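Spelled out, the chains give:
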Number of protein chains: 2
Amino acid sequence: MHYSPLIQNLIDSLRGLPGVGPKSAQRMALYLLERNPDAAQSLELSLQQAREKVGRCQSCRTLTEEPICQLCRSERRLRHQLCVVESPSDLLSIEQTGVYQGLYFVLMGHLSPIDGIGPKELGLEQLSARLAQGEVTELILATNPTLEGRTTADYIAQLAAQQGVAVSRLAQGLPMGGELEYVDSATLSFAFSGRKPVDS
Amino acid sequence: MHYSPLIQNLIDSLRGLPGVGPKSAQRMALYLLERNPDAAQSLELSLQQAREKVGRCQSCRTLTEEPICQLCRSERRLRHQLCVVESPSDLLSIEQTGVYQGLYFVLMGHLSPIDGIGPKELGLEQLSARLAQGEVTELILATNPTLEGRTTADYIAQLAAQQGVAVSRLAQGLPMGGELEYVDSATLSFAFSGRKPVDS
């Protein structure tokens, strides 16, 4: 006994979303069909419009429906700092801190030869050309603190060095508000060996 | 700083799904746009088809794209038993036990005067007419063991009594495999007062 084919299709498609298991997919499908046809219609329409119109910013490669995204067009941003992130959600997280006033470059991934993702797929030629223009004087590497993120950052650091652009990385160490006993040992050993003298 | 309008629309629509918070909605939207346009297209298509074609079974009111659902059409099902459930997922849960061979009647909700859901919205006139035909000899009430579910069941029990149809309810008590100390006190007190003599 299953649901009728069209309902089962909808359940299967919803299962394709990250973090959605069989029970949640079923609950979502029945919710949309039974109780909230407006939500179903709105989701269908947003998917259609986003699929048709959202592309990449020609300048920073983030997702946007405009040729150049709002942030790259803004006159308030400092043009000599460029922060490299892996994804648009990383960009948003940094924006939410309010600590950074420069521009971004969004890789949309990290180097992963096994998946066929090399320098070209991450737009590194475009990044190199931009650094060559000389407007950017500091490149901030904000890839994820994972093996892949670090490898990607190392590769980009070499690129920037060739162009004579200063490179920095986000600080690594103990997260704020954490408790020492719950910090993983890799982070703890990094924080230990990277200890800093206290100003007296 | 937000995502561009079309991306934000998609995030908002995904938030309309049950159990999806702001972080998950953002993750889903970026996943669909960055990494899996096929999944986005498949979801859009299934939504469109389901919205256009899925309606209610004329006989049991469950969700289906056919005039009469597969279960109601089946010649293997016993036609003298009718089990009343609140939703298609309850029907599926009972089917998965394999314990029941009769037909169903799906209310698509429960009595809730405050939300404007009365006997008419639950198809109780249709149920009454069906009971009057005389084919059904046992009506099994399998609404949720909640206040609303019980009130709805009580109302339907009266309807069935007027038609002279025998009515039964699912047994209530301790769930299998549970531990007494973790059972809520309402269930425990019900199980206690509803205790049964042990055959010796």
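What counts, and where the lines are drawn
Residues numbered from 1 in each chain as written. Chains lettered and ligands numbered in written order. Predicted model: local features only at pLDDT ≥ 70, side-chain atom pairs only at ≥ 80, totals over all residues. Heavy atoms only, no water. Helix = DSSP H or I, 4+ residues; strand = E, 2+ residues; numbered from the N terminus. Rg over C-alpha atoms; globule rule 2.2 N^0.38 Å. Buried < 20%, exposed > 50% of the residue type's maximum accessible area, 1.4 Å probe, protein only. Contact = heavy atoms within 4.5 Å. Areas by Shrake-Rupley, 256 points an atom, 1.4 Å probe, with all protein chains shown as cover. UniProt positions renumbered as here; feature names shortened; annotations may be inferred. Expected span 1.5 Å × (residues − 1). Least-squares fit on C-alpha atoms with pLDDT ≥ 70 in both. Domains from an automatic or database assignment. Salt bridge = Lys/Arg side-chain N within 4 Å of Asp/Glu carboxyl O. Buried area = accessible area lost by both parts, 1.4 Å probe. Polar contact = N/O pair within 3.5 Å; in protein donor to acceptor, adjacent residues only side chain to side chain. Nonpolar A, V, L, I, M, F, W, Y, C, P; charged D, E, K, R; others polar. Pairing = 2+ DSSP bridges. Right-handed = clockwise from strand over helix to strand, strands pointing away. Axes fitted to C-alpha atoms, helices over the stretch in contact; angles between N-to-C directions. Lys, Arg positive; Asp, Glu negative; His and termini not counted.

### Brief notes about the overall build of chain A
Scanning chain A from N- to C-terminus turns up eight helices and six strands. Ordered by position from N to C terminus, the α and β elements of chain A give α-α-α-β-β-α-β-α-β-α-β-α-β-α. Computed over its C-alpha atoms, the radius of gyration of chain A comes to 22 Å, more than 25% above the 16 Å expected for a compact globule of 200 residues. By its C-alpha atoms, chain A is 70 × 45 × 35 Å across when sized along the principal axes. Here chain A holds 200 residues, and the buried ones make up 42% of them. Sequence-distant contacts, at least 24 apart, represent 47% of the contacts inside chain A between residues at least 6 apart. When the accessible surface of chain A is summed, it comes to about 11,500 Å², and 51% of that surface belongs to carbon and sulfur atoms.

### Let's talk about the UniProt feature "zinc finger region: C4-type" (unreviewed entry) in chain A
Using the residue numbers shown here, the UniProt feature "zinc finger region: C4-type" (unreviewed entry) corresponds to residues 57–72 of chain A. Measuring from the first to the last C-alpha atom of residues 57–72 of chain A gives 8 Å, for a span that is 19% helix and 12% strand.

### As for helix H2 (residues 22–35) of chain B
With 14 residues, H2 of chain B ought to run about 20 Å at 1.5 Å a step, and its terminal C-alpha atoms sit 19 Å apart, in line with that. Residues Ala25, Gln26, Met28, Ala29, Leu30, Leu32, Leu33 and Glu34 of chain B constitute the buried set of H2 of chain B. Elements in contact with the buried residues of H2 of chain B: helix H2 (22–35), helix H3 (37–53), strand E2 (63–64) and helix H5 (88–97) of chain A together with helix H1 (5–15) and helix H3 (37–53) of chain B.

### Some remarks on unusual backbone geometry
Outside of glycine, negative phi angles account for most residues, and trans bonds account for most peptide bonds. Of note, the phi angle at Arg61 of chain A is positive, near 70°, even though the residue is not glycine. Look at Arg61 of chain A and you get buried, because its relative accessible area is 10%.

### Considerations on the UniProt feature "domain: Toprim" (unreviewed entry) in chain A
Feature annotation in UniProt assigns "domain: Toprim" (unreviewed entry) to the following positions: residues 80–175 of chain A. Helix makes up 36% of residues 80–175 of chain A and strand 18%, and the two end C-alpha atoms of the span are 29 Å apart.

### Section: the relation of the copies chain B and chain A
When chain B is fitted to chain A, the best match, at an RMSD of 0.1 Å, comes from turning it 179° and sliding it 0.0 Å along the axis. These values place the two chain copies in the arrangement generated by a two-fold rotation axis. Residue Glu44 of chain B of chain B places its C-alpha closer to the rotation axis than any other residue of that unit, at 2.6 Å. With an isologous cut-off of 70% or more, the 98% of interface residues of chain B that recur at the interface of chain A puts this contact in the isologous class.

### Brief notes about the domain arrangement of chain A
Split into domains, chain A comes out as domain 1 (5–53) and domain 2 (75–169). Computed from C-alpha coordinates alone, the two centres of domain 1 of chain A and domain 2 of chain A are separated by 35 Å.

### Notes on the pattern of salt bridges
Going through the model one piece at a time under the given rule, you end up with eight salt bridges over all chains. Asp154 of chain A is the partner of Arg169 of chain A in a salt bridge, and the nearest nitrogen-oxygen pair spans 2.6 Å. One end of the pair, Arg169 of chain A, is in strand E6 (residues 166–169); the other, Asp154 of chain A, is in helix H7 (residues 147–162), and 15 residues separate them in sequence. Put simply, Arg73 of chain B and Glu66 of chain B hold a salt bridge, and the shortest N to O gap is 3.3 Å. Residue classification places Arg73 of chain B among the partly exposed residues on the basis of a relative accessible area of 44%.

### A closer look at the interface of chain B and chain A
Facing the 50 residues of chain B at the interface are 50 residues of chain A. Buried area between chain B and chain A, summed over both chains or domains, comes out near 4,700 Å², and the portion from carbon and sulfur atoms is 71%. Along the contact surface separating chain B from chain A lie two salt bridges. Arg51 of chain B is paired through a salt bridge with Glu44 of chain A; the nearest N and O atoms lie 2.9 Å apart. Joining chain B to chain A, the criterion identifies ten residue pairs in polar contact (both at pLDDT 80 or more). Within the residue set of the side of chain B that touches chain A, elements represented by two or more residues are H1, H2, H3, strand E2 (63–64) and helix H5 (88–97) of chain B. In terms of residue count, the dominant contributor to the side of chain B that touches chain A is H3 of chain B (13 residues). Classifying every residue of the side of chain B that touches chain A by side-chain character gives 27 nonpolar, 15 polar and eight charged.

### Details of the pairing of strand E5 (residues 138–141) of chain B
Residue and element names in this part refer to chain B. Sheet topology places strand E3 (residues 81–85) next to E5; four bridges connect them, and they run parallel. Pairing of Cys83 across the sheet is with Ile140, part of E5. Note that E5 and strand E6 (residues 166–169) share four bridges and pair parallel. Paired with Glu138 across the two strands is Ala166, which belongs to E6. Handedness of the crossover is the feature at issue here: the chain leaves E5, passes through helix H7 (residues 147–162), returns alongside E6, and the resulting connection is right-handed.

### Digging into the sheet that holds E6 of chain A
Residues and elements named next belong to chain A. The strand order across the open sheet formed by four strands is E4-E3-E5-E6, and the pairing between neighbours is parallel. Every other strand in the sheet has two partners, leaving strand E4 (103–106) and E6 as the edge strands with one partner each. Across this sheet, the average inter-strand angle for adjacent strands is 25°, counted without regard to direction. Relative to E4, strand E3 (residues 81–85) runs parallel, the two sharing four bridges. For Val85, the partnering residue across the bridge sits in E4 and is Val106. Across the sheet, H5 is in contact with E3 and E4; its angle to E4 comes to roughly 155°. Across the face of the sheet, helix H6 (residues 124–132) comes into contact with E3, E4 and strand E5 (138–141) while running at roughly 150° to E4.

### Some words on the side chain of Arg61 of chain B
Residue and element names in this part refer to chain B. Structurally, the position occupied by Arg61 is in the loop between strand E1 (55–56) and E2. Buried Arg61, no salt bridge; nearest opposite-charge side chain is Glu121, N-O distance 8.5 Å. In terms of polar contacts, Arg61 uses its side chain to reach the backbone carbonyl oxygen of Leu107, at 3.0 Å. Looking at Arg61, its side chain comes within polar contact range of the main-chain oxygen of Leu122, at 3.4 Å.

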